[in-house]
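# Working through the structure, step by step
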Amino acid sequence: MIIKTTTDHYDEMERRLRALHPYEVPEIVAVPIAGGYPPYLQWLEDTTRP
């Protein structure tokens with residue numbers, strides 16, 4: 001599964017995944033975005049705002 005979010009929302013997302021996942025040690029990793037198509041990056045920012 002790939003979940004797209006921002007750094008600001010990472011902790012909340014990780015807590016929720018750990019609460020739902022049946023494994024004792026689930027694989028949850030964060031991969032930084034080094035660059036990308038500007039309209040897509042703006043969309044990502046816009047859709048992850050509270």
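Attention in this report is confined to the structure presented alongside it. No experiment lies behind these values; they were computed from the predicted model shown.

So, on to the overall build of the protein chain. Each helix and strand in the protein chain was counted, giving two helices and zero strands. Looking at the protein chain residue by residue over its 50 residues, the buried ones come to 12%. When the accessible area of the protein chain is evaluated, it comes to approximately 4,800 Å², of which 56% is carbon and sulfur surface. Looking at the protein chain, you have 5 positive and 8 negative side-chain charges, and the mean spots of the two groups are 5 Å apart.

Here the focus is a nonpolar patch on the surface. On the surface, Tyr-37, Tyr-40 and Trp-43 cluster together into a nonpolar patch covering about 360 Å² of accessible area. Along the chain, Tyr-37 falls in the loop between α1 (7-20) and α2 (38-47).

Scanning all chains against the criterion turns up one salt bridge. Across the pair Arg-18 and Glu-14 runs a salt bridge whose closest N-O atoms are separated by 2.8 Å. Pair noted here: Arg-18 and Glu-14 are both in helix α1, with a separation of four residues, about one helical turn. The exposure class assigned to Glu-14 is partly exposed, which follows from its relative accessible area of 23%.

The rules behind each value
- Residues numbered from 1 in each chain as written.
- Predicted model: local features only at pLDDT ≥ 70, side-chain atom pairs only at ≥ 80, totals over all residues.
- Heavy atoms only, no water.
- Helix = DSSP H or I, 4+ residues; strand = E, 2+ residues; numbered from the N terminus.
- Buried < 20%, exposed > 50% of the residue type's maximum accessible area, 1.4 Å probe, protein only.
- Areas by Shrake-Rupley, 256 points an atom, 1.4 Å probe, with all protein chains shown as cover.
- Lys, Arg positive; Asp, Glu negative; His and termini not counted.
- Charge placed at Lys NZ, Arg CZ, Asp CG, Glu CD.
- Patch = residues over 30% accessible without salt bridge, like charges linked within 9 Å, V, L, I, M, F, W, Y side chains within 5 Å.
- Salt bridge = Lys/Arg side-chain N within 4 Å of Asp/Glu carboxyl O.

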